[in-house]
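# A closer look at the structure
Now for the letters of each chain:
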Amino acid sequence: MKIIVIGGAGAIGSRVVNNLNARGHEAISASPRSGVNAVTGEGLADALRGAQVVIDVANSPLWEDQAVLKFFEKSTQNILVAAKAAGIGHYVALSIVGADRLPDSGYMRAKVAQENLMKAGGVPYTILRATQFMEFLGGIADASGGGDEIRLTTSLLQPIAADDVAAAVTDVALESPANATLDVAGPVAYPMAEIVGAYLQAKGDKRRVIADDQTGYFGAALAKRALVPAGEARIGATSFDQWLERSTPVQHATAQG
């Protein structure tokens, strides 16, 4: 199949492109650097022409509430228009486990808006929600206060390796459209303070993590299980210890861009 990967130059997208090509498909990265801008629509119709599947793993470059909402709404609307015109049979997008449980977060509200547009868009779809990346544990620490102490909630985090997210996106894209939302998560759920503390210790970072359940998550109130799957989920193969042994983490934004 010919498969277009929106955001194909990013951390997940580049892995997905490689996975699909290795499995004998024609996977093409589409991003502003290749002349395709989903937010403005530039190059989108040409990119999707002749394709059977479109995958959206793009992430907003901006974090301000209105900017991120505009990014996901405009890009999704433009992809839907181009997908209908091209006769796309499957539209896959990567979202976040718990997006609908954090209404205080502008980013999560934007992801829910993206999901809702897809559900009503008239193109067969699958939404794949992933738990937070192991690669972003350092980013969580950095966003949780300066100095030698970091305050983090004990709410659960079930981190997944980026390679396992990309593998799940690849598999979903080659399946029939679910017309539903699926979850993928790491093998084990940990209290956030515990897993971030373990990450920092493994990296030789001397900052001390203090468990504090009054602390939110990027400014949003967080229930105990808000960021872990509520039901059935695909489970990534890579444990936290395995990931630590083999990776040099690259920090990136919360929505798996």
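Here, every reference points to the structure presented above.
Attention now goes to the overall build of the protein chain. A tally of regular secondary structure across the protein chain gives eight helices and eleven strands. Here the protein chain has a C-alpha radius of gyration of 18 Å; the compact-globule value for 257 residues is 18 Å, and the two agree. Summarising its shape, the C-alpha atoms of the protein chain cover approximately 55 × 35 × 35 Å along the three principal directions. Counting every position in the protein chain, which comprises 257 residues, the buried fraction comes to 52%. The long-range share in the protein chain, meaning contacts at least 24 apart out of those at least 6 apart in sequence, stands at 83%. Here the protein chain has roughly 10,800 Å² of accessible surface; of this, 50% comes from carbon and sulfur atoms. Distance between charge centroids for the protein chain: 3 Å, based on 22 positive and 26 negative side chains.

Further remarks concern helix H6 (residues 162-174). For H6, which comprises 13 residues, the first-to-last C-alpha distance of 19 Å matches the rise-based estimate of 18 Å (1.5 Å per residue) to within 8%. Among all positions of H6, only Ala162, Asp164, Val165, Ala166, Ala168, Val169, Thr170, Val172 and Ala173 are buried. Those residues of H6 that are buried lie in contact with helix H1 (11-22), strand S3 (53-56), strand S4 (90-96), strand S5 (125-130), strand S8 (181-185) and strand S11 (234-235).

If you trace the seven strands from one edge of the open sheet to the other, you get S2-S1-S3-S4-S5-S8-S11, paired in parallel fashion. The open sheet has two free edges, formed respectively by strand S2 (26-30) and S11, since each of these has just one partner strand. Judged from the four bridges that link them, S3 and S4 form a sheet pairing that is parallel. Paired with Asp56 across the two strands is Ala93, which belongs to S4.

So, about the packing of helix H3 (residues 65-86) against helix H4 (residues 106-119). Between two packed helices, both the angle of their axes relative to each other and the distance between the axes serve to describe the pair. It is the contact of H3 with H4, at a shortest axis distance of 8 Å, that shows an interaxial angle of 15°. Between H3 and H4, the interaxial angle falls into the category roughly parallel. As for the relative orientation of H3 and H4, their crossing is right-handed in sense. For the pair H3 and H4, the contacting residues are Asp65, Val68, Leu69, Phe72, Glu73, Thr76, Gln77 and Leu80 in the first and Gly106, Tyr107, Arg109, Ala110, Lys111, Ala113, Gln114, Leu117 and Met118 in the second. Of the residues contributing to the contact of H3 with H4, the split by class is nine nonpolar, four polar and four charged.

Let us now look at the packing of aromatic side chains. By the definition in use, this model includes nine aromatic pairs. Both rings, one in Trp63 and one in Tyr107, keep their centres 5.4 Å apart while their planes meet at 35°; by these two values the pair is tilted. Residue Trp63 is found in the loop between S3 and H3, and its partner Tyr107 is found in helix H4; the two are separated by 44 residues along the sequence. Residue class for Trp63 comes out partly exposed when judged on its relative accessible area of 41%. Classification of Tyr107 as buried rests on a relative accessible area of 5%. Here Phe72 and Tyr107 contribute two aromatic rings whose centre-to-centre distance is 5.8 Å and whose plane-to-plane angle is 80°, an arrangement assigned as edge-to-face.

Let's shift gears to the pattern of salt bridges. Within this structure, the stated rule accounts for twelve salt bridges. Between Asp163 and Arg15 there is a salt bridge, and its shortest N-O distance comes to 2.6 Å. Residue Asp163 is located in helix H6, and its partner Arg15 is located in helix H1; the two are separated by 148 residues in the primary sequence. By relative accessible area, which is 38% here, Asp163 ends up partly exposed. Of the charged contacts in the structure, one is a salt bridge between Arg49 and Asp46, with a shortest N-O distance of 2.8 Å. Exposure remark for Asp46: the relative accessible area of 53% places this residue in the exposed category. Overlapping salt bridges bring together Arg15, Asp163 and Arg246 as one network.

Positioned with a positive phi, Asn179 is a non-glycine residue whose angle comes to about 50°. As for its placement among the helices and strands, Asn179 is situated in the loop between H6 and S8.

Another point: the environment of Asp241. Looking at the element boundaries, Asp241 is found in helix H8 (residues 240-246). Distance from Asp241 to Tyr199, taken between C-alpha atoms, is 9.6 Å for residues 42 residues apart in sequence.

What counts as what
- Throughout this description, residue numbers start from 1 for each chain and increase along the sequence as written.
- Given that the model is predicted, a residue must reach a pLDDT of at least 70 before its local features are reported, and side-chain atom pairs must reach 80 or more before they are shown or counted; all residues, however, enter totals for whole chains, interfaces and linings.
- Side-chain numbers come from the whole structure's heavy atoms, not from hydrogens or water.
- Each helix is a run of DSSP H or I of at least 4 residues and each strand a run of E of at least 2, with the numbering of both proceeding from the N terminus.
- Throughout, radius of gyration means the C-alpha value; the globule benchmark is 2.2 Å times the number of residues raised to the power 0.38.
- Classification of residues uses two cut-offs on accessible area relative to the type maximum, computed with a 1.4 Å probe and protein chains only: under 20% is buried, over 50% is exposed, and between them is partly exposed.
- Every residue pair with non-hydrogen atoms within 4.5 Å of one another is taken to be in contact.
- Note on areas: Shrake-Rupley, 1.4 Å probe, and residue coverage restricted to the protein chains presented here.
- This count recognises Lys and Arg as positive and Asp and Glu as negative, with His and chain-terminal groups excluded.
- Charge placement uses NZ in Lys and CZ in Arg. For Asp and Glu, CG and CD serve respectively.
- Expected span of a helix: the number of residues minus one, times 1.5 Å.
- Two strands pair under a simple rule: DSSP has to find at least two bridges between them.
- Orientation is described by axes fitted as lines to C-alpha atoms, over the contacting stretch for helices, and by angles from 0 to 180 degrees between their N-to-C directions.
- Should an angle lie under 35 degrees it is considered roughly parallel, over 145 roughly antiparallel, and from 65 to 115 roughly perpendicular; all remaining angles are considered oblique.
- The crossing is said to be left-handed when, going from far helix to near helix, the turn is anticlockwise and less than a right angle, and right-handed when the turn is clockwise.
- Nonpolar residues are Ala, Val, Leu, Ile, Met, Phe, Trp, Tyr, Cys and Pro. Charged residues are Asp, Glu, Lys and Arg, and all others, Gly as well, are polar.
- Each Phe, Tyr or Trp ring, with Trp reduced to its six-membered ring, pairs with another whose centre is within 6.5 Å; inter-plane angles below 30 degrees give stacked pairs, above 60 give edge-to-face pairs, and intermediate values give tilted ones.
- Any Lys or Arg side-chain nitrogen found within 4 Å of a carboxyl oxygen on Asp or Glu counts as a salt bridge.

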